[in-house]
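Here is how the chains run, residue by residue.
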Amino acid sequence: QVQLVESGGGSVQAGGSLRLSCAASGYTYNSYCMGWFRQAPGKEREGVAAIDSDGITTYADSVKGLFTISQDNAKNTLYLQMNSLKPEDTAIYYCAARGACGRYRPPLNQSAFGYWGQGTQVTVSS
């Protein structure tokens, strides 16, 4: 059974950095697709970044050049390095996974992913 556990969230001042981690277990896919999503209070969940087993990445326009998605060599831990954080980045951040990303680059749409972590809170103060 696939299990995803996020960690690394917390409170930070604007301009600061955080590194989120997602520990994956029970993942039996040879090719995989994983991503980070976030949901602010009263808003819809949105895709932040995604990556496939070949290292191909996709980023939301709002975080390009600021956030970096990556995985360790064992491909069992997903990371999101967040730099230059802004108050609008405040949200619950979720790790998500599915099988292979498919024909196109890693997607940022929520419906493409079937496995989800419990989320970790990120709060950025001005």
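Residues numbered from 1 in each chain as written. Predicted model: local features only at pLDDT ≥ 70, side-chain atom pairs only at ≥ 80, totals over all residues. Heavy atoms only, no water.

(A) Spatial organisation of the pattern of salt bridges. One pass over the structure, following the stated rule, counts three salt bridges. With a closest N to O distance of 2.8 Å, Glu46 and Arg38 form a salt bridge. Among the salt bridges present, the one from Arg38 reaches Asp89, with a minimum N-O distance of 2.9 Å. Of this pair, Arg38 sits in strand S4 (residues 33-39) while Asp89 sits in the loop between strand S8 (77-82) and strand S9 (91-98), and the two are 51 residues apart along the sequence. The network of salt bridges with common partners includes Arg38, Glu46 and Asp89. (Salt bridge = Lys/Arg side-chain N within 4 Å of Asp/Glu carboxyl O. Helix = DSSP H or I, 4+ residues; strand = E, 2+ residues; numbered from the N terminus.)

(B) Quick look at the packing of aromatic side chains. Scanning all chains against the criterion turns up two aromatic pairs. Residues Phe37 and Phe113 carry aromatic rings whose centres are separated by 5.3 Å and whose planes lie at 75 degrees to one another, so their mutual orientation is edge-to-face. Here Phe113 lies in the loop between S9 and strand S10 (115-116) and Phe37 lies in strand S4, a separation of 76 residues in the sequence. Taken individually, Phe37 and Phe113 each receive the classification buried, so the pair is uniform in this respect. Counting every residue linked through ring pairs, the aromatic cluster contains Phe37, Phe113 and Trp116. Just above the ring of Tyr79 sits the side chain of Arg19; from NZ or CZ to the centre is 3.9 Å. When the ring centre of Trp116 is taken as reference, the NZ or CZ atom of Arg45 above it lies at 4.9 Å. (Phe/Tyr/Trp six-rings, centres within 6.5 Å; stacked < 30°, edge-to-face > 60°. Buried < 20%, exposed > 50% of the residue type's maximum accessible area, 1.4 Å probe, protein only. Lys NZ or Arg CZ within 6 Å of the ring centre and 35° of its normal.)

(C) Layout of the environment of Gly114. Its location among the elements puts Gly114 in the loop between S9 and S10. The sequence separation of Gly114 and Arg98 amounts to 16 residues, and the corresponding C-alpha distance is 5.6 Å. Apart from residues no more than four positions distant in its own chain, Gly114 is found in contact with Ala97 and Arg98. (Contact = heavy atoms within 4.5 Å.)

(D) Representation of unusual backbone geometry. The phi dihedral of Ser84 is positive, around 50 degrees, even though this residue is not glycine. In this structure, Ser84 sits in the loop between S8 and S9.

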